[in-house]
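# Descriptive analysis of the structure
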Amino acid sequence: MERAVGQQLGHFQNGGSSMVIADPPAAIVTPSRYESQKRRDWNTFGQFLKNHRPPVPLSHCNSSHVLAFLRYLDQFGKTKVHLQGCAFYGDPEPPAACGCPLRQAWGSLDALIGRLRAAFEENGGLPEMNPFANVAIRMHLKEVKESQAMARGIMYKKKKSKKVSH
């Protein structure tokens with residue numbers, strides 16, 4: 001009887017020594033690169049709101065705060081965006097350096113907004129109240145895309161809608 005109870009507890013006697021068998025360690029799940037970036041982006045946005053004067057609680061955040069965040073991020077950008085007065089405006093491969101500003105690339109901003117849009121809802125925000133899904137944000141991204149394309153001499157082709165045959 002004692003041996004049966006010992007086996008249920010994971011405790012076994014082997015000759016004169018005893019051995020305890022522990023449960024295997026829980027599998028450590030490493031978040032994906034996307035999930036890690038989403039968490040970093042969410043924390044950065046939260047810090048931006050806290051540093052805002054006056055601080056903005058997430059429940060009061062709106063599209064104007066998101067636009068301010070995107071403008072704030074431009075100072076850390078690495079994409080040269082030529083101004084209209086620049087000799088290299090519209091040149092995809094300028095032959096020399098110029099004093100035009102570095103900005104966040106459109107694709108980076110688009111991906112960032114996608115991650116923050118998902119994070120907002122994962123953190124309890126209602127989809128209909130999501131400031132990252134606001135039309136003002138979509139319009140801003142469209143303007144950034146078009147202005148960067150013109151400044152760098154890159155034309156994006158509009159996607160054609162697929163025809164459905166019946």
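In what follows, the structure referred to is the one given above.
Residues numbered from 1 in each chain as written. Predicted model: local features only at pLDDT ≥ 70, side-chain atom pairs only at ≥ 80, totals over all residues. Heavy atoms only, no water.

### Things to note about the overall build of the chain
On a plain count of helices and strands, the chain comes out with 5 helices and 4 strands. Scanning the chain from its N terminus toward the C terminus, one meets helices and strands in the order α-β-β-α-α-β-β-α-α. Across the chain, every contact between residues at least 6 apart in sequence was considered, and the portion connecting residues at least 24 apart equals 56%. (Helix = DSSP H or I, 4+ residues; strand = E, 2+ residues; numbered from the N terminus. Contact = heavy atoms within 4.5 Å.)

### Observations regarding helix H2 (residues 33-51)
Here H2 spans 27 Å end to end across 19 residues, near enough to the 27 Å set by a 1.5 Å rise per residue. Considered for burial, the residues of H2 that qualify are Ser 36, Lys 38, Asp 41, Trp 42, Phe 45, Phe 48 and Leu 49. Those residues of H2 that are buried lie in contact with helix H3 (63-73) and helix H4 (106-122). (Expected span 1.5 Å × (residues − 1). Buried < 20%, exposed > 50% of the residue type's maximum accessible area, 1.4 Å probe, protein only.)

### Details of the packing of aromatic side chains
A complete count under the given rule lists 9 aromatic pairs for this structure. An angle of 80° between the planes, with centres 5.1 Å apart, marks the rings of Phe 45 and Phe 69 as edge-to-face. Taken together, the residues Phe 45 in helix H2 and Phe 69 in helix H3 connect sequence positions 24 residues apart. Per residue, the accessibility class of Phe 45 equals that of Phe 69, and both read buried. On the basis of an interplanar angle of 70° and a centroid distance of 5.1 Å, the ring pair of Phe 45 and Phe 132 is categorised as edge-to-face. A residue pair is termed long-range when its members are at least 10 positions apart, and Phe 45 in helix H2 and Phe 132 in the loop between H4 and helix H5 (135-152) qualify at 87 residues. The same class applies to Phe 45 as to Phe 132, namely buried. One aromatic cluster is present, built from ring pairs that chain together Trp 42, Phe 45, Phe 48, Phe 69, Tyr 72, Phe 76, Phe 120 and Phe 132. (Phe/Tyr/Trp six-rings, centres within 6.5 Å; stacked < 30°, edge-to-face > 60°.)

### Considerations on the environment of Leu 49
On the secondary structure map, Leu 49 appears in helix H2. Judged by relative accessible area, which is 2%, Leu 49 ranks as buried. A C-alpha to C-alpha distance of 8.1 Å links Leu 49 and Cys 61, two positions 12 residues apart in sequence. Ignoring any residue separated from it by four or fewer positions in sequence, one finds Leu 49 in contact with Pro 55, Val 56, Leu 58, Cys 61 and His 65.

### Brief notes about the pattern of salt bridges
Evaluated as defined, the whole model comprises 3 salt bridges. Where Glu 35 meets Lys 38, a salt bridge forms, and the shortest distance between an N and an O atom there is 3.2 Å. Of this pair, Glu 35 and Lys 38 both sit in helix H2, 3 residues apart, roughly one helical turn. Overall, the relative accessible area of 33% leaves Glu 35 in the partly exposed class. A salt bridge links Lys 38 to Glu 122; its shortest N-O distance comes to 2.6 Å. Placement of Lys 38 in helix H2 and of Glu 122 in helix H4 is noted, with a sequence separation of 84 residues between them. Take Glu 122: its relative accessible area is 53%, and that puts it in the exposed class. (Salt bridge = Lys/Arg side-chain N within 4 Å of Asp/Glu carboxyl O.)

### Details of unusual backbone geometry
Look at the link from Arg 53 to Pro 54: it is a cis peptide, with omega at -5°. Turning to its location among the elements, Pro 54 is positioned in the loop between H2 and H3.

### Quick word on the environment of Glu 143
By secondary structure assignment, the location of Glu 143 is in helix H5. Taking C-alpha positions, Glu 143 is 9.3 Å from Trp 106, a pair spaced 37 residues apart along the chain.

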